[in-house]
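Chains, contacts and geometry: an overview
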Amino acid sequence: MKTLIVIAHPNTGKSFNHALADQAKKTLEAKGHQVVVLDLYADRFDPVLPLNEEKKAEDDLPPEIREAMQYVREADGMIFIHPNWWGTPPAILKGWIDRVLRQGFAYKFSDQGPVQLLTDKTVQVFSTSNTPKEVEENVYHEPLENFWKTIVFGLCGAKSFERRNFESIIMSSPEDRANWLKEVEETVNRRF
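Let us look at the structure shown here. (Residues numbered from 1 in each chain as written. Predicted model: local features only at pLDDT ≥ 70, side-chain atom pairs only at ≥ 80, totals over all residues. Heavy atoms only, no water.)

1. Side note on the overall build of the chain
- Within the chain one finds six helices and seven strands.
- Mapped from its N terminus to its C terminus, the chain presents α and β elements in the order β-α-β-α-β-α-β-β-β-α-α-β-α.
- For the chain, whose C-alpha radius of gyration is 16 Å, the value lies close to the compact-globule estimate of 16 Å for 192 residues.
- The dimensions of the chain, computed from C-alpha atoms along their principal axes, are 50 × 40 × 30 Å.
- Burial status across the chain gives 44% buried among its 192 residues.
- Considering only contacts within the chain whose residues lie at least 6 apart along the sequence, 78% involve residues at least 24 apart.
- Distance between charge centroids for the chain: 2 Å, based on 24 positive and 29 negative side chains. (Helix = DSSP H or I, 4+ residues; strand = E, 2+ residues; numbered from the N terminus. Rg over C-alpha atoms; globule rule 2.2 N^0.38 Å. Buried < 20%, exposed > 50% of the residue type's maximum accessible area, 1.4 Å probe, protein only. Contact = heavy atoms within 4.5 Å. Lys, Arg positive; Asp, Glu negative; His and termini not counted. Charge placed at Lys NZ, Arg CZ, Asp CG, Glu CD.)

Structure representation (structure tokens):
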């Protein structure tokens, strides 16, 4: 299997998000998967959608966008890892979605409405936050779950989708983090 990991945290290599990505990668490689990691901050990905880029044919897109699309195309599974900032992924990841999961590639429209084009992908999202779970659920009504499950992969499709948020990062102990890394290992082994 081929798996794409997309991580979006500015503290490249030092954040708990990077520890999650490293654990996922290590677990996948132990299973014999081919793994591609896109570290959007380390790669200095430009999240700004240039004027009329969404209208261009794939062959006319910048090389980094065509390359990311090829990784998505070839992947059996995708793992997204990011902090929860204001109820959404960081802007750099939102820009990656805007530029890579584009109309005609990840979804299209027909006379009957939207057509999902990523229905063969297993998708896992691991997010982190400092907001208590009960506040996220009862006050904010799970904006990240809605964003990923309903908006992005509700439109693009997925063979299987799950999201796990780890909270509260700021209040977590080394034991909490070790347990969360173990959970990532178990989740990746179960889903991929």
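Let us keep going from here.
2. Regarding the nonpolar core
- By size, the foremost hydrophobic cluster in this structure holds 33 residues, and its most contacted members are Phe 80, Trp 96, Leu 101, Trp 148 and Phe 153.
- Every element with two or more residues in this core is listed here: strand E1 (2-7), helix H2 (63-74), strand E3 (77-83), helix H3 (91-100), strand E6 (122-129) and helix H5 (143-156).
- The greatest single-element share of this core, amounting to six residues, is contributed by H5.
- Excluding residues within four positions of it along the chain, Trp 148 makes contact with Phe 80, His 82, Pro 89, Leu 93, Ile 97, Val 125, Phe 153, Gly 154, Phe 161 and Arg 163.
- Ranked by size, the runner-up nonpolar core spans 17 residues in total, among them Leu 28, Val 35, Ile 81 and Val 188. (Core = buried A, V, L, I, M, F, W, Y, C linked by side-chain atoms within 4.5 Å.)

3. Some words on the packing of H2 against H3
- Where H2 contacts H3, the two axes come as close as 10 Å, and the packing angle between them is 85°. One element, H2, and the other, H3, form an angle in the roughly perpendicular class. Counting all contacts with H2, which are made through Glu 64, Ile 65, Ala 68, Met 69 and Val 72, the residues of H3 involved are Trp 96, Arg 99 and Val 100. (Axes fitted to C-alpha atoms, helices over the stretch in contact; angles between N-to-C directions. Parallel < 35°, antiparallel > 145°, perpendicular 65-115°, else oblique.)

4. Quick look at the sheet that holds strand E7 (residues 160-167)
- A sheet is described by the order of its strands in space; here five strands give the open sequence E2-E1-E3-E6-E7, paired in parallel fashion. Lying at the two open borders of the sheet, with one neighbouring strand each, are strand E2 (34-39) and E7. Recorded for the sheet is a direction-independent mean angle of 15° between the axes of neighbouring strands.
- In the sheet, E1 pairs with E3 via five bridges, with the strands oriented parallel. Of the residues in E3, the one forming a bridge with Thr 3 is Gly 77.
- The strands touched by helix H1 (residues 16-30) within the sheet are E1, E2, E3, E6 and E7, with E1 carrying the most contacts at an inclination of about 175°. (Pairing = 2+ DSSP bridges.)

5. Considerations on the packing of H1 against helix H6 (residues 174-191)
- Packing of H1 against H6 leaves a shortest axis separation of 9 Å and a crossing angle of 35°. Crossing of H1 against H6: the hand is right-handed. For the pair H1 and H6, the contacting residues are Phe 16, Ala 19, Leu 20, Gln 23, Ala 24, Thr 27 and Leu 28 in the first and Arg 177, Trp 180, Leu 181, Val 184, Glu 185, Val 188 and Asn 189 in the second.
- Taken together, the residues of the contact of H1 with H6 sort by class into nine nonpolar, three polar and two charged. (Left-handed = near helix turned anticlockwise from the far one by under 90°. Nonpolar A, V, L, I, M, F, W, Y, C, P; charged D, E, K, R; others polar.)

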